[in-house]
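Geometric and topological summary
Residues per chain, in single letters:
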Amino acid sequence: MHDSVISVLDLKKSYGAHTVLDGLSFEVARGTIFALLGENGSGKTTTIRILSTLTMADHGSVRIAGLDINHAPNDVKKLISLTGQYASVDELLTGEENLFIMGRLNHLASKKVKERTRELLEQFDLVDAAKKLVKTYSGGMRRRLDIAISLFSNPEIIFLDEPTTGLDPRSRKNMWDLIQQLAKTGVTIFLTTQYLEEADQLADEIAIMNGGRIVQKGTAEDLKRMIGNEKVELGFNQLGYLEKANHLLQGQMDTTSLTLSLNTKGQTEELRNLLNVLHEHGIEPTSVEFRKPTLDDVFLSITSPAAERSAV
Ligand SMILES: Nc1ncnc2c1ncn2[C@@H]1O[C@H](COP(=O)(O)OP(=O)(O)OP(=O)(O)O)[C@@H](O)[C@H]1O
């Protein structure tokens, strides 16, 4: 059994009349990868900023490695590193110079700074780019450098705010490998993401955020069991047909796009049966499409009564 390295209890935060966090509570086990999954604007960055002592919550408590962040913010800062959504490196310096500066800011001796810089450049596959200006780096290289800089002080907990947003698929995959390597060193990684697939690939535990709270949490397997492996999406040309089809098949209706999503195992026989049921009632869909579950499916299935019955 792991012990909790992050404990969050009943966190609340509003900006004016806008409530962003509304009673957020969760625990993160030491040495694991924890993913906070939520849509744009759901409050992920706000959460990470509060946990890393940059923003004050209005209510609730956060303990990092047993320390209350309000009582011991400076001790907490020594244990953590934060890498933001937008790389905070100096573009007009080389990668190596950026690392040097961070080393000096950490008050390390010059020999130690050089050693650690070399180590980090190697670990993050930046040796060839070390002497090039950061403004010539690709998005993936910048992210890697940003994380390398934040690791200068050997933190116990690494906060990564949407580490792959805006990266191409190849750089995203490289970043995933890197995060997995970091996790193997025993650090705790707290990451935020909008991508179900990313949380699935990386996280030991996933917490889904909606309406300022955690609405579901579990392993990727738990969540997948809940939402089904694949979806079939039926399109209709009239709201009446959509509603009738939903009445017969009990799926998730989208009345704007006039589509009905159903869990499926992806078998053609199953699809034939569905279409037969509709045909017998004089309903013909205008389109039929198989697709992977999305974050929307998770939200929809969480809020549907059927899902509540089978929730993890
Ligand atoms: N300093 C602030 N002042 C006012 N509103 C803010 C402030 N910071 C965040 N917000 C608002 O709080 C909400 C949550 O923002 P937050 O950045 O935490 O979301 P997020 O889940 O990280 O989204 P994204 O994926 O877009 O970064 C948004 O509606 C945002 O506009």
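See the structure above.
Residues numbered from 1 in each chain as written. Predicted model: local features only at pLDDT ≥ 70, side-chain atom pairs only at ≥ 80, totals over all residues. Heavy atoms only, no water.

This part covers the packing of helix α3 (residues 95-105) against helix α5 (residues 139-150). At a closest axis distance of 9 Å, the pairing of α3 and α5 adopts a crossing angle of 20°. Taken together, α3 and α5 sit at an angle that is classed as roughly parallel. In terms of crossing hand, the pair formed by α3 and α5 is right-handed. Residue-level contacts link Gly95, Asn98, Leu99 and Met102 of α3 to Leu145, Ala148 and Ile149 of α5. (Axes fitted to C-alpha atoms, helices over the stretch in contact; angles between N-to-C directions. Helix = DSSP H or I, 4+ residues; strand = E, 2+ residues; numbered from the N terminus. Parallel < 35°, antiparallel > 145°, perpendicular 65-115°, else oblique. Left-handed = near helix turned anticlockwise from the far one by under 90°. Contact = heavy atoms within 4.5 Å.)

So, about the sheet that holds strand β11 (residues 230-235). Within a sheet, each strand pairs with its neighbour through backbone hydrogen bonds, oriented either parallel or antiparallel. Spatially, four strands are ordered β12-β13-β11-β14 in an open sheet, and the strand pairing comes out antiparallel. A single partner strand is all that each edge strand has here, and the edge strands are β12 (252-254) and β14 (287-291). For this sheet, the mean angle separating the axes of adjacent strands, direction not counted, is 25°. Sheet strands touched by helix α9 (residues 239-249): β11, β12 and β13 (259-264). Its angle to β13, the strand with the most contacts, is close to 20°. Contacting β11, β13 and β14, helix α10 (residues 268-280) runs over the sheet at an angle of about 30° to β11. (Pairing = 2+ DSSP bridges.)

A word on the site of the ligand. If you check the shell around the ligand, you find 14 residues, and the closest are Gly41, Lys44, Thr45, Thr46 and Glu162. At 3.0 Å, a backbone N or O of serine 42 approaches an oxygen atom of the ligand. In this structure, an oxygen atom belonging to the ligand sits 2.6 Å away from a side-chain N or O atom of threonine 45. Burial of the ligand by the surrounding chains reaches 61%, relative to a free accessible area of 640 Å². Breaking the shell around the ligand down by element, the ones donating at least two residues are β2 (18-29) and α1 (44-51). Examining the composition of the shell around the ligand, we find that three residues originate from one element, α1, more than from any other. Broken down by class, the residue content of the shell around the ligand amounts to two nonpolar, nine polar and three charged. (Near = heavy atom within 4 Å. Polar contact = N/O pair within 3.5 Å; in protein donor to acceptor, adjacent residues only side chain to side chain. Areas by Shrake-Rupley, 256 points an atom, 1.4 Å probe, with all protein chains shown as cover. Nonpolar A, V, L, I, M, F, W, Y, C, P; charged D, E, K, R; others polar.)

Our next topic: the packing of α5 against helix α6 (residues 169-184). Running from amino to carboxyl end, α5 crosses α6 at an angle of 20°, the nearest separation of the two axes being 10 Å. When the axes of α5 and α6 are compared, the pair comes out roughly parallel. Classified by chirality, the crossing of α6 by α5 is right-handed. Residues Gly140, Arg143, Arg144 and Ile147 of α5 pack against Ser171, Met175, Leu178 and Leu182 of α6. Residues belonging to the contact of α5 with α6 are distributed by class as follows: four nonpolar, two polar and two charged.

Counted according to the given criterion, the structure contains eleven salt bridges. For glutamate 119, the salt bridge is made with arginine 116, and the minimal N-O distance between the two is 2.6 Å. Placement of the pair is glutamate 119 and arginine 116 together in helix α4 (residues 110-123), with a separation of three residues, close to one helical turn. Each of Asp3, Arg30 and Glu156 takes part in a single network of salt bridges with overlapping partners. (Salt bridge = Lys/Arg side-chain N within 4 Å of Asp/Glu carboxyl O.)

A few words now on the packing of aromatic side chains. The geometry of an aromatic ring pair is captured by the separation of the ring centres together with the interplanar angle, meaning the angle of the planes. Enumeration according to the criterion identifies four aromatic pairs in this entry. Aromatic side chains phenylalanine 34 and phenylalanine 190 sit 5.4 Å apart centroid to centroid with 25° between the ring planes, which places their arrangement in the stacked category. Taken as a pair, phenylalanine 34 in strand β3 (residues 33-37) and phenylalanine 190 in strand β8 (residues 188-193) lie far apart in primary sequence, 156 residues in all. Assigned by exposure class, phenylalanine 34 and phenylalanine 190 land together as buried. It is arginine 172 that lies over the ring of tyrosine 195; its NZ or CZ is 4.1 Å from the centre. (Phe/Tyr/Trp six-rings, centres within 6.5 Å; stacked < 30°, edge-to-face > 60°. Buried < 20%, exposed > 50% of the residue type's maximum accessible area, 1.4 Å probe, protein only. Lys NZ or Arg CZ within 6 Å of the ring centre and 35° of its normal.)

Bear in mind that shape data such as this cannot, by itself, settle questions of function.
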